[in-house]
Every structure is written in structure tokens, then in C-alpha cells.
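Next come the chains, spelled out residue by residue.
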Amino acid sequence: MTFSERSIKYADLLVPIKKCPLGEAVPDCPFVEYWQINDETKQMNLIEELPEEKLNELREFHRKCLAKKIKQARKMSEELYKSQKI
């Protein structure tokens, strides 16, 4: 399989197109509709088919969502650590 410049440029979107990398999706996740596609090749082809503007919007959403989820996980982890009695 060969990859185009476009598929390489947007390779970071392949995982969220397949599923949420951090568990459950947020209610307004724009990737959910792509999870309904039960063919991995068709999911991968979305990178070639969707307009670049849409891919950039998806990327921006995904990066902000990841940052928010990671921040929440850190906070939960810190609170759990502080509550432990050693």
C-alpha cells in the first residue's frame, strides 16, 4: 500500500476516524458518524475524499478534545494520589 502526501499529512486523523483513542466520545464529537462505516479501507479513504477544510476542522476538534481529556485525567489522577494514605 502506498500513501499519498495528503494521507501522510492527515495521518493523525486515522485513529479518531476509527474510534476515540481515549474511551468514550464527547456528545458533539464529529467523528462518530465515521465510526458507523464498517470498512476500515473506506474509513482510511475519507482522508482522500473529505475537503481539506473539513480535515483541518476535524484535526482542530480532535486536538482540543485530547488536550481537555488529558487535563481532566491528570486532575483526577492528582486528586486520587492526594487522597491516598501512605
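Our subject is the structure that appears above.
Residues numbered from 1 in each chain as written. Predicted model: local features only at pLDDT ≥ 70, side-chain atom pairs only at ≥ 80, totals over all residues. Heavy atoms only, no water.

Caption draft 1: Looking closely at helix α4 (residues 40–49). Restricting attention to buried positions, one finds in α4 the residues Gln43, Leu46 and Ile47. Around the axis of α4, the buried residues are gathered within 100° of arc, so they sit on the same side. Turned more than 90 degrees away from the buried face of α4, the exposed residues are Lys42 and Glu49. For α4, the secondary structure elements touched by its buried residues are α1 (5–9), α2 (14–18), α3 (32–35) and α5 (52–83). (Buried < 20%, exposed > 50% of the residue type's maximum accessible area, 1.4 Å probe, protein only. Helix = DSSP H or I, 4+ residues; strand = E, 2+ residues; numbered from the N terminus. Arc of directions from axis to C-beta. Contact = heavy atoms within 4.5 Å.)

Caption draft 2: Main features of the pattern of salt bridges. Going through the model one piece at a time under the given rule, you end up with six salt bridges. Across the pair Arg6 and Glu52 runs a salt bridge, and its minimum N-O distance is 3.9 Å. Separated by 46 residues along the polypeptide, Arg6 in helix α1 and Glu52 in helix α5 bring together distant segments of the chain. Lys64 is paired through a salt bridge with Glu60; the nearest N and O atoms lie 3.6 Å apart. Taken together, the residues Lys64 and Glu60, both in helix α5 and four residues apart, mark about one turn of the helix. One network of salt bridges, in which partners are shared, links Arg6, Lys9 and Glu52. (Salt bridge = Lys/Arg side-chain N within 4 Å of Asp/Glu carboxyl O.)

Caption draft 3: Local environment of the nonpolar core. Of all hydrophobic cores here, the largest spans 11 residues; its members are Tyr10, Leu13, Ile17, Cys29, Phe31, Tyr34, Leu46, Ile47, Leu50, Leu55 and Leu58. Within the residue set of this core, elements represented by two or more residues are α4 and α5. Among residues more than four places away in sequence, those in contact with Tyr34 are Ile17, Gln43, Leu46, Leu50, Lys54 and Leu58. (Core = buried A, V, L, I, M, F, W, Y, C linked by side-chain atoms within 4.5 Å.)

Caption draft 4: Spotlight on the environment of Lys42. If you trace the backbone, Lys42 turns up in helix α4. Of the residues examined, Lys42 reaches a relative accessible area of 51% and is grouped as exposed. For the pair Lys42 and Glu60, spaced 18 residues apart in the sequence, the C-alpha separation amounts to 22 Å.

Caption draft 5: Expanded view of the environment of Phe3. Examined against the element boundaries, Phe3 turns out to sit in the segment before α1. On the basis of relative accessible area, Phe3 is assigned to the partly exposed category, the value being 49%. The sequence separation of Phe3 and Ser77 amounts to 74 residues, and the corresponding C-alpha distance is 39 Å. Non-local contacts of Phe3, meaning those with residues more than four positions away in its chain, are made with Ile8 and Met44.

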